[in-house]
Amino acid sequence: MATVGLEDVWKRYGKVEAVKGISMEILDGEFVALLGPSGCGKTSTMRMIAGLEEISAGDIRFDGKSVIDRPPRARNVAMAFENYALYPTLSVYENLAFPARAAHWPNDRIDKRVREVASIAAIDKLLDRRTSELSSGQAQMVGLARALVREPTVFLLDEPISHVDARLRIDMRTYIKRLQVELGYTMVLVTHDQEDAMALADRIAVMADGRLRQLGTPAEVYDHPEDTFVANFIGSPPINLFDCEIAQAGGKTVLRRDSLTFDMPDQFLPLVAAGTLPGNVTVGVRPFHLTAGAGAGHGAIAARVVVVEPLGDMEIVTAEAGNLPIQVVIPPGNRPKRDETMQLALEPEYVLLFDRESKQAIHAPSGGSATARAAAALV
Amino acid sequence: MLELDSVVKLFGTTVAISGVELSVRDHEYLVILGPAGAGKSTTLRLIAGLTKPTRGDIRVDGRSLLSVAPEHRDVSMVFENYALYPQRTVFGNLSFPLEARRVSRPEIKRRVESMASSLLIDSLLDRRPGALSGGQRQRVALGRGLIRDATVYLLDEPLSHLDARIRQDVRVQLKAMSVDLQSMVIHVTQDYREAMSLADRIAVLNQGRIQQVGTPDEVYAEPVNEFVATFVGDPPMSLLDATFVHENGRPVLKVAGTNISLPADELVGLVANGPTPPVLRVAARPTDVPVSATETKECCIPAQVYVSESHGYRNIVTIKLGDATIRVAAPPKQIWRVNDPIWLGLGMYNLHAFANGKAIYHPSVSAAGETIRPQRSFTAASTTGN
């Protein structure tokens, strides 16, 4: 187990720049997800950590020592892929023992380790089975467990569950997370799926166009995205993002979009007073952070209901306020009808503002945000 | 009205469809929901006439379709593998069904552009299918299927290859469009959210048999058996083995592998007595289980956190309850760590009960659709019947 440091790491394929100067420090025993759409550089980054790709510039360090001159074997990195390629004629036990036998471990050490890993991965009852008799979920767990037997310095997971069916995926997430916590390994997960990243990682590195956009806990990237890309990539249903200008109305500073006017949330008032807000902003508000119906009260806007999707535990309403499409999640019950007018109010403490030019988040002075207050209440 | 009457389909000795009874109303959006291999696509192909039933009948407005050739059934089908014309552009693929029906050129242009805009492919009209991603091709296939008038639209997993984000957008567009379609739509999917979102009614299919037909609310709140209960919902309900006994003269439910006994007056008369007692299981929707970091009146069952996952708007916490495991959805603010103590609330106010796999009891649902959560602890004597 080790820390993994990336310092201004670049990867060029000919003229194509796949990774453009990534720096991050992964802590010992931490679970970090590299998250982004295809072509964002996440897989290249992982392959450079593993030593499967040379780096074009920069440095990669395990426990502070540069590893870029070491071949993959000498880095003691374990990798688990979606395609686990088990040995079908061997038992689960022998599959798990295989890497340890190849490393000439004594039998009693192998036995102890195999049983330990199998128990944590909840496959201890399957040790005598042949892998050809396993369900796909069980085979997946055996594949993961096998990669863990050797006590790697760093454990890399390349989209391990992206194509597993929905049911199984929920269980796989639980097992993988528990494995990581119990073993205390430094793990790096590569995925394009924001839900997998959120569910599993201690911190998420959101990547786009070869650059690191944000590195933060799931709560940080969800509640305080650094730019509109991160805001839009994280969360389902997606965040509402719409352009507004800062205007004056009735002696107050407000957010205005055509005929719609929203009160400036309190946490941004110090910036208004200091005159540091740009004139044009993009407002971000998650569908969970709008109040609908009678509770909307002061500052509500009227929106016409276009589509209501009842999902059992929640309902997603797609509505239009003027020409602004807006999605809101409401609890089940009191289902609005199509073409009905509903009152919607932004929950001010959750409203995010972005500079429309730079697309970067405008930070409210500290202590003003809902999460900061909630965190303070927990301490 | 479209009716499937005792339809059986065998492939050799394999039973694909096993006596399906289903009627689809005019203008209805019916979603067939089930896992891979349930017989969903076979059902669509039978309706389209691409394959014939081994037994049974398929009727539209009382007239059998069996002797009607596929091209005369006035059915428009969207295939999961797209089946686009590779030599035609996206525009050409979308316009094809209209050209074949001699629609005027300006009308074709108007309808193609409107459909392309709804499905977010309006920038791709000049491309050929070979230059499109899987998700883009799937949207072209969906548009081509919906662009012409038909008595029945058959959609075979029409959103399965779309990225999560686009899938949601197209789902909303499809729902908005479906209101204007004056025809019936039969849509097949493995995704319960897609089914809930779009359907007037859902037919849950498993192993060639219809498990339940009902509105999304019915299927979600009152699943008829363990299969439906666990197939619908994310995360799924966790089934707990249980026994129903009398303790000190009171009816109680004992949860296997734990020392929990819950008052269960509601189950009196519902669990059959006899020499072979039924296999009893109970389960709660993860969103119906209250949790707390300390013991409260409502949350009085002690347990341990196994794993907690962040999902932004909520945390999914997997909990060890003795030897049993249960998943709950908890508010996002509280952070749970492995092996933290956690207190939860379970009782007949949030548990569904199943005997030999079949539902015998559902918690009461108020008119507002929310599970009633009475202000009482599970040891209290009062009850809230169904």
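None of the values given here were measured: they were computed from a predicted structure.

Caption draft 1: Local environment of the overall build of chain A. Secondary structure summary: chain A contains eleven helices and 20 strands in total. Counting only C-alpha atoms and orienting by the principal axes, one finds that chain A spans roughly 80 × 50 × 45 Å. Classification of the 379 residues of chain A by burial places 41% in the buried group. Long-range contacts, defined as pairs at least 24 residues apart, comprise 66% of the intrachain contacts of chain A with a sequence gap of at least 6.

Caption draft 2: Broad picture of the overall build of chain B. Of the regular secondary structure elements, chain B holds eight helices and 21 strands. Principal-axis analysis of the C-alpha atoms gives chain B an extent of 80 × 50 × 40 Å. Buried positions account for 43% of the 386 residues belonging to chain B.

Caption draft 3: Quick look at helix α4 (residues 107–120) of chain A. Residue and element names in this part refer to chain A. Here α4 spans 20 Å end to end across 14 residues, near enough to the 20 Å set by a 1.5 Å rise per residue. Three or more residues of α4 are buried, namely Ile110, Val114, Val117 and Ala118. Axial view of α4: buried residues confined to an arc of 100°, hence all on one face. Away from its buried face by more than 90 degrees, α4 exposes Asp108, Arg109 and Lys112. Here the buried face of α4 lies against α3 (92–102) and α5 (136–149).

Caption draft 4: Here's a closer look at the sheet that holds strand β4 (residues 57–62) of chain A. All names here are of chain A. Taken in spatial order, the four strands make up an open sheet running β2-β1-β4-β5, and their pairing is antiparallel. Each edge of the open sheet is held by one strand with a lone partner, namely β2 (16–26) and β5 (65–66). Judged from the two bridges that link them, β4 and β5 form a sheet pairing that is antiparallel. Along β5, the bridge assignment pairs Phe62 with Lys65.

Caption draft 5: Looking closely at the sheet that holds strand β18 (residues 324–330) of chain B. Spatial strand order, β15-β19-β16-β17-β18 (chain B): five strands in an open sheet with antiparallel pairing. Of all the strands in the sheet, just β15 (291–292) and β18 of chain B have a single pairing partner and so form its edges. As paired strands, strand β16 (residues 301–310) of chain B and strand β17 (residues 315–321) of chain B are joined by six bridges and run antiparallel to one another. From the neighbouring strand, Ser308(B) faces β17(B), where its bridge partner is Val317(B). Relative to β16(B), helix α6 (residues 166–183) of chain A is tilted by about 95°, and along the sheet it contacts β16 and β17 of chain B.

Caption draft 6: Representation of the confidence of the model for chain B within the structure. Residues and elements named next belong to chain B. Per-residue pLDDT for chain B has a mean of 91; in total, 94% of the residues score no lower than 70. Taken together, the stretch residues 366–386 has pLDDT below 50 and engages in 37 contacts with residues farther than four places along the chain or on a different chain. Two numbers describe this predicted complex: its pTM, 0.89, and its ipTM, 0.88.

Caption draft 7: Structural context of the domain arrangement of chain B. Partitioning chain B into domains gives domain 1 (2–224) and domain 2 (240–361). Inter-centroid distance (C-alpha atoms) of domain 1 of chain B to domain 2 of chain B is 39 Å.

Caption draft 8: Quick look at α6(A). Relative to the 26 Å expected for 18 residues at 1.5 Å per residue, α6(A) spans 26 Å between its end C-alpha atoms, a close match to the ideal helical length. Of the residues flanking the end of α6(A), it is Gly184(A), one or two places downstream, whose phi is positive at about 70°.

Caption draft 9: Local environment of the domain arrangement of chain A. Residues and elements named next belong to chain A. Here the domain parsing of chain A yields domain 1 (4–232) and domain 2 (237–378). One C-alpha centre belongs to domain 1, the other to domain 2, and the line joining them spans 37 Å. Every contact between the two is made by nine residues of domain 1 and, on the other side, eleven residues of domain 2. Put simply, the parts of the chain that give the side of domain 1 that touches domain 2 at least two residues each are α8 (218–223) and α9 (228–233). A per-element tally of the side of domain 1 that touches domain 2 places α9 first, with three residues. Of the residues in the side of domain 1 that touches domain 2, the class split is three nonpolar, three polar and three charged.

Caption draft 10: Fine view of the packing of helix α2 (residues 90–100) of chain B against helix α3 (residues 105–118) of chain B. Residues and elements named next belong to chain B. In contact at an axis separation of 10 Å, α2 and α3 are set at 130° when each is read in the N-to-C sense. Classified by the interaxial angle, the pair formed by α2 and α3 is oblique. Note on packing geometry: the crossing formed by α2 with α3 is right-handed. On α3, the residues touching Phe91, Leu94, Ser95, Leu98 and Glu99 of α2 are Ile108, Arg111, Val112, Met115 and Ala116. Of the residues belonging to the contact of α2 with α3, the class tally is seven nonpolar, one polar and two charged.

Caption draft 11: Up close: the interface of chain A and chain B. Listed by partner, the interface residues are 33 residues for chain A and 30 residues for chain B. Among the secondary structure elements, those contributing two or more residues to the side of chain A that touches chain B are α6, α7 (194–200), α8 and β16 (301–310) of chain A. A total of seven residues in the side of chain A that touches chain B trace back to one element, the largest contributor, which is α6(A). Classifying every residue of the side of chain A that touches chain B gives 18 nonpolar, seven polar and eight charged.

Caption draft 12: Region of interest: the nonpolar core. All names here are of chain A. Ranked by internal contacts, the top residues of the largest apolar core, which has 210 residues, are Ala145 and Leu344. The greatest single-element share of this core, amounting to eight residues, is contributed by α5. Not counting the four nearest positions on each side in its chain, Leu344 is found in contact with Leu290, Ala292, Ala296, Ala300, Ile301, Ala303, Ala319, Ala321, Ile326 and Val328.

Caption draft 13: Layout of the environment of Leu90(A). Residue and element names in this part refer to chain A. Here Leu90 shows up in the loop between β6 (77–81) and α3. Overall, the presence of 15 C-beta atoms within 10 Å leaves Leu90 in the partly exposed class. With 30 residues separating them in the primary sequence, Leu90 and Ile60 have C-alpha atoms 37 Å apart. If sequence neighbours within four positions are ignored, Leu90 has contacts with Asn95 and Thr131.

Caption draft 14: View of the packing of α5(A) against α6(A). Residue and element names in this part refer to chain A. Following both chains from N to C, one finds α5 and α6 inclined at 20°, their axes separated by 11 Å at the closest point. Taken together, α5 and α6 sit at an angle that is classed as roughly parallel. At the point where α5 passes α6, the crossing takes the right-handed sense. Side by side, α5 and α6 meet where Gly137, Gln140, Met141, Leu144 and Leu148 of the first sit next to Leu168, Asp171, Met172, Tyr175, Ile176, Leu179 and Leu183 of the second. Residues of the contact of α5 with α6, tallied by class, amount to nine nonpolar, two polar and one charged.

Caption draft 15: Representation of the pairing of strand β14 (residues 280–285) of chain A in the model. Residues and elements named next belong to chain A. In terms of burial, β14 is largely enclosed, as five of its six residues are buried. Alignment of β14 against strand β20 (residues 352–355), held across four bridges, turns out to be antiparallel. Looking at β20, one finds that Val281 is bridged to Asp355.

What counts and what doesn't
- Residues numbered from 1 in each chain as written.
- Chains lettered and ligands numbered in written order.
- Predicted model: local features only at pLDDT ≥ 70, side-chain atom pairs only at ≥ 80, totals over all residues.
- Helix = DSSP H or I, 4+ residues; strand = E, 2+ residues; numbered from the N terminus.
- Buried ≥ 20, exposed ≤ 12 C-beta atoms within 10 Å, placed from the backbone.
- Contact = placed C-beta atoms within 7 Å.
- Expected span 1.5 Å × (residues − 1).
- Arc of directions from axis to C-beta.
- Pairing = 2+ DSSP bridges.
- Axes fitted to C-alpha atoms, helices over the stretch in contact; angles between N-to-C directions.
- pLDDT = per-residue confidence, 0-100.
- Domains from an automatic or database assignment.
- Nonpolar A, V, L, I, M, F, W, Y, C, P; charged D, E, K, R; others polar.
- Parallel < 35°, antiparallel > 145°, perpendicular 65-115°, else oblique.
- Left-handed = near helix turned anticlockwise from the far one by under 90°.
- Core = buried A, V, L, I, M, F, W, Y, C linked by C-beta atoms within 7 Å.

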